[in-house]
Amino acid sequence: MKEENRKYAAEAYDIVKDAAYKIGSRLPGSKGEKKLSDYMSDKLRAIGVEPVTEEFSVAPRSSIGGIPYAGWFGLIMSALVYVALSINTLWFGMALAGVVCVLWLILSVFLYKPWFDMFFHKEISRNTYGELLPKDGKYDYTIILSGHMDTSWTWKHSENTYKYRNKPAIGLVKTYAKVGFGAICVFFLIGVSIAMATIHTGAYFGAIWALRTMQSLSFNEFLVAMHFLPIVTAIGSCFVIMWADPNEQNASRGAMDNATGIALSYEVMKYFKENPDKMPKNCRIVDLNCGSEEAGLRGSMAFAAEHADDDLTKNAWNINIDSVADKDYFEVVIKDDWQFTRFDTDMEKMFKDTFKELGIESKTNGCIHNPVGGCDSTPMTKAGIKSVTFAAQNPTLTYYYHTWRDLPERFSEDTVGDGFDVVLGVIDKIAAFQETNGYNGPQTK
């Protein structure tokens, strides 16, 4: 960390501590999330920037937060198997419910589509942002510094691996073994229901293949096994139910994920407010505090939709900051695999060059794909904004990721300070690129 920036790193770390301890858990649409929004609004006012708050509706448990519902579904299906073995028509209802469940998991939980939100309980979430303009008020482009305010439900299986914190491989295996076994059980039940409904439909219409199947020895042996397998699937389904703790008081404190992003975005804006001579030429700086990222990127989606027709999404660059804490894992996230979205290659190079200039070495070679879920760069990129996500986080599932153990003392002020230096370095490169090339939109090759 550059010594001249230590002041801003210390202030950023103080914000992280306040978010984790004074405010605490901040689930999407919760009172805690709104408290951090108010807290950051006060921070913006303190440096002479008037905050803007935009509210939007969110269904917190319709996406990744609803994974335990799949476990409850599996548990209910396990019990219904015994009824369906006697009342064959029940297989049709179970098969239909299974198809709906799979569609919800694929579209809402994995792909973050909002199409199922209407069926879930709603809350009001918000985005809060402030603008820093050049002295003359004129600008040609915008740099949006963004982070998300909300935190996740505690992932019980991850938190339970704390005892293996010095043997992370064991913790990883135990976590995936439980969740993987549970997922197999749920999908097995869905597959059996669809198969049984198909066979009984064929038999009803006199299909030879269906009649032969029902008369076969293997089919009858399978029916016998189905008197015992639901006990196994019920146990597996319970592992899925236990994936996310519904208790708000036990939710993630969100020091790394993502009070660091919120704090760094604000401190960079404050830096330029206090050092106007270092402000990029003809540039507007926006500090964006997004809500409900953990509910499927709903805050960044709402921001992109709200400003689709104004200049907040025109000629705009987005440095999305999400989790800057693990000193050995500085990286630029260049793609959300599950969202099928490649982020900006120009900004990717800027981050890699900045890491090299600052002497930052990373075990991930400074670059990763986001293999599961998504980050706020996806809606920004789809809105025509040049965007990448900057992180310093071990990409391997660990005991502190999405658990209440995500606390400030786990990482240092110096790591946050290094993140501050990185963002300033990238902004300098954006300014130089803009002056030389102008705005060229998201580049994905």
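All figures in this text were calculated on a predicted structure; none of them were measured in a lab.

**Q** What is the right way to read the layout of surface pockets from this model?
**A** Where empty space is left can be seen by rolling a probe of water-molecule size over the atoms. Counted as a void, the largest pocket has a volume near 1100 Å³. Forming the boundary of the largest pocket are 41 residues, of which Ile-64, Trp-155, Val-372, Gly-373 and Tyr-401 lie nearest the centre. Among the elements of the structure, helix H3 (67–84), helix H4 (90–110), helix H6 (168–204), strand E5 (316–324), strand E6 (330–336), strand E8 (367–370) and strand E9 (386–392) are those that each provide at least two residues to the lining of the largest pocket. The element contributing the most residues to the lining of the largest pocket is H6, with six residues.

**Q** What exactly am I supposed to notice about helix H11 (residues 298–306) here?
**A** For an α-helix the count is 3.6 residues per turn, leaving residues at separations of three or four pointing the same way. Three or more residues of H11 are buried, namely Arg-298, Gly-299, Ser-300, Phe-303 and Ala-304. Buried-residue contacts for H11 involve strand E1 (52–58), H4, strand E2 (123–132), strand E3 (141–148), strand E4 (283–290) and helix H13 (377–382).

**Q** Would you explain the environment of Gly-182 in this entry?
**A** Tracing the backbone through its elements, the reader meets Gly-182 in helix H6. Assessed through its relative accessible area of 0%, Gly-182 is described here as buried. Separated by 55 residues in the primary sequence, Gly-182 and Asn-127 have C-alpha atoms spaced 36 Å apart. The contacts of Gly-182, once residues within four sequence positions are left out, are Gly-236 and Val-240.

**Q** What is the right way to read the pairing of E9 from this model?
**A** On a regular strand, one side chain projects to one face of the sheet and the next to the other, so that they alternate. Of all seven residues that make up E9, seven are buried, and the element is covered over most of its length. Burial of E9 is two-sided: the residues Lys-386, Val-388, Phe-390 and Ala-392 facing one way and the residues Ser-387, Thr-389 and Ala-391 facing the other way are all buried. Taken together, the six bridges between E5 and E9 define a ladder with parallel strand orientation. In the strand pairing of E9, Ile-319 is matched with Val-388. Note: E6 against E9, four bridges, orientation antiparallel. Within E9, the position partnered with Val-333 by the bridge is Thr-389.

**Q** How should the side chain of Thr-154 be read in this particular structure?
**A** Note on placement: Thr-154 falls in the loop between E3 and helix H5 (156–159). A polar contact of 2.5 Å, which involves the side chain of Thr-154, links it to the backbone oxygen of Asn-250. Each residue touching Thr-154, except ones within four places of it in the same chain, is listed here: Glu-159, Trp-243, Ala-244, Asp-245, Asn-250, Ala-251, Ser-252, His-402, Thr-403 and Trp-404.

**Q** Even after reading the chapter, I still don't get the packing of aromatic side chains, so can you show me in this structure?
**A** Throughout the structure, instances matching the rule amount to 23 aromatic pairs. Seen in terms of ring centroids, Trp-104 and Phe-120 are 6.0 Å apart; in terms of plane orientation they differ by 25°. Their pairing is stacked. With a gap of 16 residues between them, Trp-104 in helix H4 and Phe-120 in the loop between H4 and E2 connect regions that are remote in the sequence. On the accessibility criterion, Trp-104 (7% relative accessible area) is buried. Taken together, the ring pairs connect Tyr-8, Tyr-271, Phe-272 and Phe-420 into an aromatic cluster.

**Q** I tried to follow a nonpolar patch on the surface on my own but got confused; where do I start?
**A** On the surface, Tyr-82, Phe-181, Ile-231, Val-232 and Ile-235 cluster together into a nonpolar patch covering about 420 Å² of accessible area. At three residues, the largest contribution of residues to the nonpolar patch is made by helix H9 (residues 229–241). Relative to the elements of secondary structure, Val-232 occurs in helix H9.

**Q** Looking at this structure, how should I read unusual backbone geometry?
**A** Note: most peptide bonds trans; most residues except glycine with negative phi. Cis peptide bonds are those with omega within 30 degrees of zero, and the linkage from Asp-257 to Asn-258 qualifies with 10°. Within the fold, Asn-258 resides in helix H10 (residues 255–274). Phi is positive for Ser-292, close to 55°, though the residue is something other than glycine. Topologically, Ser-292 is positioned in the loop between E4 and H11. The class of Ser-292 is buried, set by a relative accessible area of 0%.

**Q** What am I meant to see in the state of the cysteines here?
**A** What we call a disulfide is simply a covalent bond connecting the sulfur atoms of a pair of cysteines. Taken as a whole and judged by the stated rule, the model has zero disulfides. Among the cysteines around Cys-283, which has no disulfide bond, Cys-290 carries the closest sulfur, lying 18 Å off. With no disulfide partner, Cys-375 has as its closest neighbouring cysteine sulfur the one in Cys-290, 11 Å distant.

**Q** What is the right way to look at the nonpolar core in this model?
**A** One broad trend across soluble globular proteins is that nonpolar side chains are buried collectively. In terms of nonpolar packing, the biggest core is built from 68 residues, with Ile-143, Phe-272, Ile-285, Ile-319, Phe-351, Phe-390 and Ile-430 touching the most fellow members. For this core, the element with the most residues is H10, which contributes eleven residues. Aside from chain neighbours lying at most four places away, what touches Phe-272 is Leu-132, Lys-278, Met-279, Pro-280, Ile-285, Leu-424 and Ile-427. Grouped together as the second largest cluster of nonpolar side chains are 36 residues, Leu-189, Ile-190, Val-192 and Phe-219 included.

Cut-offs and rules
Residues numbered from 1 in each chain as written. Predicted model: local features only at pLDDT ≥ 70, side-chain atom pairs only at ≥ 80, totals over all residues. Heavy atoms only, no water. 1 Å grid on protein atoms, 1.4 Å probe; cavity = no way out; pocket = protein on both sides within 12 Å on 5 of 7 lines; lining within 4 Å. Points joined across faces, edges and corners; volume = space filled by probe spheres on them. Helix = DSSP H or I, 4+ residues; strand = E, 2+ residues; numbered from the N terminus. Buried < 20%, exposed > 50% of the residue type's maximum accessible area, 1.4 Å probe, protein only. Contact = heavy atoms within 4.5 Å. Pairing = 2+ DSSP bridges. Polar contact = N/O pair within 3.5 Å; in protein donor to acceptor, adjacent residues only side chain to side chain. Phe/Tyr/Trp six-rings, centres within 6.5 Å; stacked < 30°, edge-to-face > 60°. Patch = residues over 30% accessible without salt bridge, like charges linked within 9 Å, V, L, I, M, F, W, Y side chains within 5 Å. Areas by Shrake-Rupley, 256 points an atom, 1.4 Å probe, with all protein chains shown as cover. Salt bridge = Lys/Arg side-chain N within 4 Å of Asp/Glu carboxyl O. Disulfide = S-S within 2.5 Å. Core = buried A, V, L, I, M, F, W, Y, C linked by side-chain atoms within 4.5 Å.

So, to be careful, I would describe these as geometric facts and stop short of saying anything about function.
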